[in-house]
Amino acid sequence: MAKEVVHEFTLDTLGWDPYVTPVDLDSATPQQLEALKVTPSNRKISAYVLVLAQEAEALAERTPLFNDIMYSEGGLSRGGRELGALAASIVNRCVYCASVHANRFIANDKLPEIIEEIYARGVKADLPEKYQAIFDFGVELTANPDKVGVYQFYHLREVGLSDLEILDLIHAVAIFGWANRLMHTLGEPVRGG
Amino acid sequence: MANDVIDEVLGLSQGSDLFRLRVQRAELKHRTQTSYQAALKPSDPRNLSYAMRAALAARMARLWNSRELAEHYDQLLGQEAPDGVESAISDPKLRPEGLTARLEAIIRHVDLVTLRPKDATRADIERLYAAGLDDRDIVTLANLIALVNYQILVTAGLRMLRDN
């Protein structure tokens, strides 16, 4: 099957083809191998991470930052963080990121209808109260970071989010402001091939 | 260089509620700072000087009206002994003439990916190659744009927590 570039949001598992040459593992520097956490038993590294390994010093910091934001103990639920990531990816139209994090949201919260609504109506999705507050905040912080203030804060408080949960949400959205700007600009999502 | 840029630009003192909240996510806070260091002051700046990185960061902060970060990056730029070109591109309201094609392409890409990342396509990366950037230069630039935009969003969100 020929590869096809994907432009619409989907739950399908996608591939990603870079526009920029990835690092070749056989000629990678020791610093790149360290940042990639390459070991003899782990040489399966995605094209995306191999592109980022062009800047090994940055990648070595970014990987633990990303993991802590998405998976740290306590605070905002896993599903809440995935929904924040998805909101950013919808605004920034990172189709690949959206597919991954929509699927993770469904795996966690078992609510595929939330994703159906978001995929159908985008930033205007009509969701149950708590999901609405989290999604709207992700959309607003991504699209208008200079407009976030008292209104957004009270919306999150009204649905019961604690300070720590709000802190986690801010970072889940912000790290996708980062990830979308890499993944959507340095390559494209593909199906098949 | 500052201990923690976000604490500094938001004026968070050690005893404040928001400072203590951030400390609850110590790894995240630490890696946010080290990521900043890696993007703005890497051990080998290669084809994008420290002054140029600071100037582009100040420009991005201004594009999103992040006054605190724009001030911070202006100061950082000042420490790097900028030439006139760098100072001129640090503010998107200025329209300096006679820039090199390479710098024109870099600025265009910074503005696009900061404000409208959804509109970026393969053709935008091809423009960078055509202007003489190599693979690593393009990833360097993408990383810088991504890090500064992350910082802009974090600062905006934390400002909301600080003030409410």
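In this text the structure is predicted, and so the values were computed from the model without any measurement.

**Structural notes on the interface of chain B and chain A**
With 47 residues of chain B at the interface, the matching set in chain A holds 56 residues. With both sides pooled, the region where chain B packs onto chain A buries about 4,500 Å², and carbon together with sulfur makes up 66% of that total. On the chain B side of the contact with chain A, Arg25, Leu153 and Met160 of chain B bury the most area, a combined 16% of that side's loss. Notably, a salt bridge pairs Arg122 of chain B with Glu188 of chain A, separated by 2.8 Å at the nearest N-O pair. For the pair chain B and chain A, the interface holds 18 residue pairs in polar contact (both at pLDDT 80 or more). For the side of chain B that touches chain A, the secondary structure elements donating two or more residues are helix H2 (17-23), helix H3 (26-40), helix H7 (101-115), helix H8 (122-130) and helix H9 (135-163) of chain B.

**Thoughts on empty space enclosed by the protein**
All names here are of chain B. What the rule picks out here adds up to four cavities of 30 Å³ or more. Taken as a whole, the largest cavity holds about 80 Å³ of empty space. Lining of the largest cavity is provided by 14 residues; of these, Asn47, Leu48, Arg53, Asp137 and Thr140 occupy positions nearest its centre. Elements represented by at least two residues in the lining of the largest cavity include exactly H7 and H9. Broken down by element, the lining of the largest cavity gets its largest block of residues, four residues, from H9. Looking at the lining of the largest cavity residue by residue, the classes come out as five nonpolar, two polar and seven charged.

**Section: the pattern of salt bridges**
Where charged atoms from two side chains of opposite charge approach closely, those side chains can pair. All names here are of chain B. Evaluation of the coordinates by the stated rule reveals 29 salt bridges over all chains. Here Arg46 makes a salt bridge to Asp134, at a shortest N to O gap of 2.7 Å. On the criterion of sequence distance, the pair formed by Arg46 in the loop between H3 and helix H4 (50-63) and Asp134 in the loop between H8 and H9 is long-range, its members being 88 residues apart. Judged by its relative accessible area of 35%, Arg46 falls in the partly exposed class. Via salt bridges that share partners, Asp4, Asp7, Arg22 and Lys29 belong to a single interconnected network.

**Focus on the pairing of strand E3 (residues 187-191) of chain A**
Residue and element names in this part refer to chain A. Taking burial as the measure, the five residues of E3 include four buried ones, the bulk of the element. Taken together, the two bridges between strand E1 (residues 4-5) and E3 define a ladder with antiparallel strand orientation. The partner of Glu4 across the bridge, within E3, is Arg191. Summarising the sheet, strand E2 (residues 15-18) and E3 pair through four bridges and their orientation is antiparallel. Counted as the bridge partner of Gly15 is Val190 from E3.

Reading guide: rules and limits
Residues numbered from 1 in each chain as written. Chains lettered and ligands numbered in written order. Predicted model: local features only at pLDDT ≥ 70, side-chain atom pairs only at ≥ 80, totals over all residues. Heavy atoms only, no water. Contact = heavy atoms within 4.5 Å. Buried area = accessible area lost by both parts, 1.4 Å probe. Salt bridge = Lys/Arg side-chain N within 4 Å of Asp/Glu carboxyl O. Polar contact = N/O pair within 3.5 Å; in protein donor to acceptor, adjacent residues only side chain to side chain. Helix = DSSP H or I, 4+ residues; strand = E, 2+ residues; numbered from the N terminus. 1 Å grid on protein atoms, 1.4 Å probe; cavity = no way out; pocket = protein on both sides within 12 Å on 5 of 7 lines; lining within 4 Å. Points joined across faces, edges and corners; volume = space filled by probe spheres on them. Nonpolar A, V, L, I, M, F, W, Y, C, P; charged D, E, K, R; others polar. Buried < 20%, exposed > 50% of the residue type's maximum accessible area, 1.4 Å probe, protein only. Pairing = 2+ DSSP bridges.

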